Amino acid sequence: MIRYLIPLIGLVLFFLEPVFGLFSPLQMNGDFYYIVPRFLIMFLIFVSVYYDTKRAMYYGLFFGLLYDVFFIDIIGLYSFLYPAVCVIAGYTVKSIHRNLFITTVLTLVLTALFEFVLFQFFSLIGLASMPIKAFLGTRLLPTMIANSLFLFILGWAFRSVIVARFIERQNSPGMSGYNGQ
Amino acid sequence: MPQFFSNKRLILLLLGVILLVALISFSLRDRDNVSLPEQIIKDAVGAGQSVFSRPAHFVTGVFDNVDSLLNTYEENKYLKSRLEEFATVQAEVTDLRSENAELKELVGKEEDLRDYNPIQATVIARNPDQWEEKIVINKGETSGVKPNMAVMTARGLIGKVTLVTKLSSTVELISTQNPNYRVSAMVLGGDKAVFGLIEGYDADRRELLLKRIDAEIELKEGQKVVSSGLGGIFPKGIVIGEITEVAIDEFGLTKLAYVKPAADFTLLNHVVIADRLTPEVDGEDNGETGDGES
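What you see is a predicted model, and the numbers here were worked out from it, not measured in a lab.

## Let's talk about the overall build of chain A
Turning to step 1, where the next piece is worked out: When helices and strands are counted, chain A shows seven helices and two strands.
Turning to step 2, where the next piece is worked out: Listed N to C, the secondary structure of chain A is α-β-β-α-α-α-α-α-α in terms of helices and strands.
Turning to step 3, where the next piece is worked out: A compact globule built from 181 residues would reach a C-alpha radius of gyration of about 16 Å, and chain A, at 17 Å, matches this within 12%.
Turning to step 4, where the next piece is worked out: Viewed in the frame of its principal axes, chain A has a C-alpha envelope of about 60 × 30 × 30 Å.
Turning to step 5, where the next piece is worked out: Across the 181 residues in chain A, those meeting the buried criterion constitute 39%.

## A closer look at the confidence of the model for chain A
Low pLDDT means the predicted atomic positions in that stretch should not be read closely.
Turning to step 1, where the next piece is worked out: Per-residue confidence for chain A gives a mean pLDDT of 84; residues scoring 70 or more make up 94%.
Turning to step 2, where the next piece is worked out: Within the model, the stretch residues 176-181 of chain A combines pLDDT values under 50 with three contacts to residues more than four positions away or in other chains.

## Some thoughts on the packing of helix H1 (residues 5-21) of chain A against helix H3 (residues 53-72) of chain A
Residues and elements named next belong to chain A.
Turning to step 1, where the next piece is worked out: With their axes 11 Å apart at the nearest point, H1 and H3 run at an angle of 25° to one another. Taken together, the axis directions place H1 and H3 in an arrangement best described as roughly parallel. Between H1 and H3 lies a crossing whose hand is right-handed. Between H1 and H3, the residues in contact are Pro7, Gly10 and Phe14 and Tyr59, Phe63 and Leu66, respectively.

## Looking at the environment of Leu253(B)
Turning to step 1, where the next piece is worked out: Inspection of the secondary structure puts Leu253(B) in the loop between strand E10 (239-248) and strand E11 (254-261).
Turning to step 2, where the next piece is worked out: Along the primary structure Leu253(B) and Asn269(B) are separated by 16 residues, whereas in three dimensions their C-alpha atoms are 40 Å apart.

## Quick look at the sheet that holds strand E12 (residues 270-276) of chain B
Sheets are built from strands paired through backbone hydrogen bonds, the pairs being either parallel or antiparallel.
All names here are of chain B.
Turning to step 1, where the next piece is worked out: A barrel is described by the order of its strands in space; here six strands give the closed sequence E1-E2-E5-E4-E3-E12, paired in antiparallel fashion. Each strand of the sheet is rotated relative to its neighbour by a mean of 45°, with strand direction disregarded.
Turning to step 2, where the next piece is worked out: Where strand E3 (residues 150-153) meets strand E4 (residues 156-164), four bridges bridge the pair, whose relative direction is antiparallel. Note on E4: the bridge partner recorded for Ala150 is Lys160.

## Some details on helix H2 (residues 36-70) of chain B
Turning to step 1, where the next piece is worked out: Compared with the 51 Å implied by 1.5 Å per residue over 35 residues, the 48 Å span of H2(B) between its first and last C-alpha is a close match.
Turning to step 2, where the next piece is worked out: For H2(B), the principal kink sits at Ser53(B) and spans about 30°; a proline, Pro55(B), occurs within the next four residues.
Turning to step 3, where the next piece is worked out: Every buried residue belonging to H2(B) is among Gln39(B), Lys42(B), Val45(B), Gly46(B), Gln49(B), Ser50(B), Ser53(B) and Ala56(B), and all of these are buried.
Turning to step 4, where the next piece is worked out: On its buried face, H2(B) is in contact with H1 and H3 of chain A together with strand E1 (116-126) and strand E2 (134-137) of chain B.

## Details of the packing of helix H2 (residues 39-50) of chain A against H3(A)
All names here are of chain A.
Turning to step 1, where the next piece is worked out: Relative orientation of the contacting elements H2 and H3 amounts to 160°, with a least axis distance of 8 Å. As the angle between them shows, H2 and H3 are arranged roughly antiparallel. Of H3, the residues touching H2 (which contributes Leu40, Leu44, Val47 and Ser48) are Thr53, Arg55, Ala56, Tyr59, Gly60 and Phe63.
Turning to step 2, where the next piece is worked out: Within the contact of H2 with H3, the residues separate by chemical class into six nonpolar, three polar and one charged.

## A look at the nonpolar core
Turning to step 1, where the next piece is worked out: Within the largest apolar cluster, 47 residues are counted, with the highest numbers of intra-cluster contacts made by Val151(B), Met152(B), Ile158(B), Ile240(B) and Val271(B).
Turning to step 2, where the next piece is worked out: Those residues in contact with Ile158(B), other than ones at most four positions away along the chain, are Val151(B), Met152(B), Thr153(B), Leu173(B), Ile174(B), Ala263(B), Phe265(B), Leu268(B) and Val271(B).

## Observations regarding the UniProt feature "transmembrane region" (unreviewed entry) in chain A
Residue and element names in this part refer to chain A.
Turning to step 1, where the next piece is worked out: According to UniProt, the "transmembrane region" (unreviewed entry) feature falls on residues 31-51, 58-81 and 101-128.
Turning to step 2, where the next piece is worked out: Helix makes up 57% of residues 31-51 and strand 14%, whereas the separation of the span's terminal C-alpha atoms amounts to 41 Å.
Turning to step 3, where the next piece is worked out: Between the C-alpha atoms that bound residues 101-128 the distance is 34 Å, and the span itself is 86% helix and 0% strand.

## Here's the deal with the interface of chain A and chain B
Turning to step 1, where the next piece is worked out: Listed by partner, the interface residues are 30 residues for chain A and 28 residues for chain B.
Turning to step 2, where the next piece is worked out: Residue assignment for the side of chain A that touches chain B shows that the elements contributing at least two residues are H1, H3 and helix H5 (100-124) of chain A.
Turning to step 3, where the next piece is worked out: Counting residues per element, the side of chain A that touches chain B draws most heavily on H1(A), which supplies six residues.
Turning to step 4, where the next piece is worked out: Looking at the side of chain A that touches chain B, its residues break down into 23 nonpolar, five polar and two charged.

Conventions and cut-offs
Residues numbered from 1 in each chain as written. Chains lettered and ligands numbered in written order. Predicted model: local features only at pLDDT ≥ 70, side-chain atom pairs only at ≥ 80, totals over all residues. Helix = DSSP H or I, 4+ residues; strand = E, 2+ residues; numbered from the N terminus. Rg over C-alpha atoms; globule rule 2.2 N^0.38 Å. Buried ≥ 20, exposed ≤ 12 C-beta atoms within 10 Å, placed from the backbone. pLDDT = per-residue confidence, 0-100. Contact = placed C-beta atoms within 7 Å. Axes fitted to C-alpha atoms, helices over the stretch in contact; angles between N-to-C directions. Parallel < 35°, antiparallel > 145°, perpendicular 65-115°, else oblique. Left-handed = near helix turned anticlockwise from the far one by under 90°. Pairing = 2+ DSSP bridges. Expected span 1.5 Å × (residues − 1). Bend = angle between axes of the 7 residues up to and from the residue. Nonpolar A, V, L, I, M, F, W, Y, C, P; charged D, E, K, R; others polar. Core = buried A, V, L, I, M, F, W, Y, C linked by C-beta atoms within 7 Å. UniProt positions renumbered as here; feature names shortened; annotations may be inferred.

Given below as structure tokens:
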């Protein structure tokens, strides 16, 4: 059963993102703060770190494609960036110790990087005309605060689900050869 | 690390980048119709999304209710002060309406740019990375939605439909940075209506720019701006906003006015799509309407 849990969580997070997006932008003292939910990519980084980078890439490609087609109509943007972030996460974690705190920090750093690359891209094609200072203050900072809150609350749950799946795969000898490819 | 860039991987990476650039440039073109696989994905995701957005709307509804409860006293005071004014205005409106109808009958004019079929829709998602101002609504081609139709809330214009699939459609809000986004508008309140184009959005001031107004014409702050219906697709008379400042544009030939939008773009929930009764023609509201043939 745990086998299907990871894609299922991914799907739920994918649908939850725009729902939380409905609450943004937040207005405080006349200033607007944008909060971009990045639940899915954070979960995928966890999958990449604790389970299987290749698997995380496939999930990233699939959900990225859905995201591209449904929301932004620029095909190839998220479906490239999601797997790319997973690969970076997978390669980084090979050389460092994997505990929950380090994974959380790595996830947040990669999410911020992801957000920054998107900002650069949208500036390049002229859809965003925001000075970098405004971007850091009104977008990146509130986004990272909200997302780190989310991760601190649910990070351990992600890890336990993913590790449970990892152990399940290790214990099923018939599947391990196939999956280990 | 060295084996990360082995030959096979390098080639794959290069191919991936080429494919990526090709796909992005393909999808960045101005498209007015969506390909079949995209339609299928959009409808499937839209169906799932509407399941998730329903409880969210319930929650935001509760927040809204609490919010309006807290403001009740202030609001009531204000409303009472407006009430008397309202009665006279309403009497006048009824009178003018009947007069207008009689006059139209006299002239034999049946169609009016103002008339439209309202299509009610619910917002099922807002683009979570809020770079492009886009929302997705739960009505599509089967409900009669077509590209470039005006979308509004009870308070005023919010945007126009950009892409339509069978069961959902994408709406680009007027607060977008897209330079090709124009709405033909007019200013009310002077001796006669003044025409201009809503072109662009000032993100710092959170106000729209009304451009190409004749430099001879005097405009005042507080005048109302509505859609003119001359752009070809939008009906006439949808409230857009109120002028807050008048300036000369960068070339000094025409005037430019800052318009504060009447509608609120945050927490959008229910919207109305205006399907104009007068046949649509090509115009400034957007390039082509001739997608019926394609």
